[in-house]
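A structural walkthrough
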Amino acid sequence: MTTADTKSIPERKRGSGVRMVYDLLRDEILDLVLPPGSPIDEVQLAERFKMSRTPIREALVRLAGEGLIDTLPNRSTMVSNIDFLNMHTYFDALVLMYRVTTRLAAEHHRAEDLKVIHARQAEFAAAVQAQDALAMIATNAALHSAIAEAGRNPYFTGLFNRLLDEGRRILRLYYQSYNDRLPQRFVDEHEDMIAVIAARDVDAADRLAKAHAEQIVHQIQKLFTRNERLDMAL
């Protein structure tokens, strides 16, 4: 075995360890298994994953780069809070990408795209029926990603996937507002969007996607504001 081979093996193992820690922690943060403000302890993580603190630290650096964890002045680390004050900028981008990707799918889709879209919709409907919130989030993202792919603009697809991924914590709260029992109309709205995509009705695709996205935003906004009351003794 050459020196190069010897060096590549531990590097590959270390890299895979970083990736495993990163993937698991990222999912736990985005799925609210680790809620905002939760402390992150390198020693505990090293014990949990049975590895040294070096790959743990590298995974945390990556998560910090994505804004999912914060290092405080006292050097302690915690899951980052959701930036509710600037949430409107996220919502603006989300609604726009729902509209753009659905519109382009109506214009540019191919027959094979519709097969994938229908399959993803069936998976979403099954997740709603099972009241599996995490599956609902994942299958909803997969459906809209498939619609974006059908629009054949990789830049829009990449941006939309990023927005859907970044919004997983918000969507988890959103589904909780329905007690993880999404109304059937969400499945029906998807079916309506798919029908106008298949019919190549660009304007209807734009209109339905806009309405679909805006009702999601409206529900989330209600969730964030319904308990905001001035509560003080006079």
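Reading guide: rules and limits
Residues numbered from 1 in each chain as written. Predicted model: local features only at pLDDT ≥ 70, side-chain atom pairs only at ≥ 80, totals over all residues. Heavy atoms only, no water. pLDDT = per-residue confidence, 0-100. Helix = DSSP H or I, 4+ residues; strand = E, 2+ residues; numbered from the N terminus. Contact = heavy atoms within 4.5 Å. Expected span 1.5 Å × (residues − 1). Buried < 20%, exposed > 50% of the residue type's maximum accessible area, 1.4 Å probe, protein only. Arc of directions from axis to C-beta. Polar contact = N/O pair within 3.5 Å; in protein donor to acceptor, adjacent residues only side chain to side chain. Phe/Tyr/Trp six-rings, centres within 6.5 Å; stacked < 30°, edge-to-face > 60°.

For the protein chain, an unreviewed UniProt entry supplies the name GntR family transcriptional regulator and the organism Pseudaminobacter soli.

As a further point, take the confidence of the model for the protein chain. Here the protein chain averages 88 in pLDDT, while 90% of its residues score no lower than 70. The element-level mean pLDDT for the protein chain is lowest in helix 1 (residues 3-30), coming to 69, with helix 5 (residues 111-130) highest at 97. This stretch, residues 1-14, has a pLDDT under 50; its non-local contacts, to residues over four places away or in other chains, come to three contacts. Every residue in residues 228-234 scores below 50 in pLDDT, and together they form zero contacts with partners more than four places removed in sequence or on other chains.

Okay, helix 7 (residues 154-166) next. For helix 7, spanning 13 residues, the distance from its first C-alpha to its last is 18 Å, which sits close to the expected 18 Å at 1.5 Å a residue. Considered for burial, the residues of helix 7 that qualify are Thr157, Phe160, Leu163 and Leu164. The buried residues of helix 7 occupy an angular sector of 130 degrees when the element is viewed end-on, so they sit on one face. Seen from the open side of helix 7, the exposed residues pointing more than 90 degrees away from its buried face are Pro154, Tyr155 and Arg162. Elements that come into contact with the buried residues of helix 7 comprise helix 4 (87-108), helix 6 (133-150) and helix 8 (168-176). Regarding helix 7, its N-cap is asparagine 153, as a side-chain oxygen of that residue lies 3.0 Å from the backbone nitrogen of tyrosine 155 further along.

This part is about the side chain of histidine 212. Of note, histidine 212 is situated in helix 10 (residues 202-225). Judged by its relative accessible area of 2%, histidine 212 is buried. Side chain to side chain, histidine 212 and glutamate 189 meet in a polar contact 2.5 Å long. A polar atom in the side chain of histidine 212 sits 3.4 Å from the side chain of histidine 190. Excluding its chain neighbours within four sequence positions, the residues that come into contact with histidine 212 are Tyr98, His144, Phe186, Glu189, His190 and Met193.

Moving on: the packing of aromatic side chains. Overall, the coordinates contain six aromatic pairs when judged by the stated rule. An angle of 75 degrees between the planes, with centres 5.1 Å apart, marks the rings of tyrosine 98 and phenylalanine 160 as edge-to-face. Here the residue tyrosine 98 occupies a position in helix 4, and phenylalanine 160 occupies one in helix 7, the gap between them amounting to 62 residues. An identical accessibility class is assigned to tyrosine 98 and phenylalanine 160; each is buried. Ring centres of tyrosine 178 and phenylalanine 186 lie 5.5 Å apart, and the angle between their planes is 80 degrees; this geometry places the pair in the edge-to-face category.

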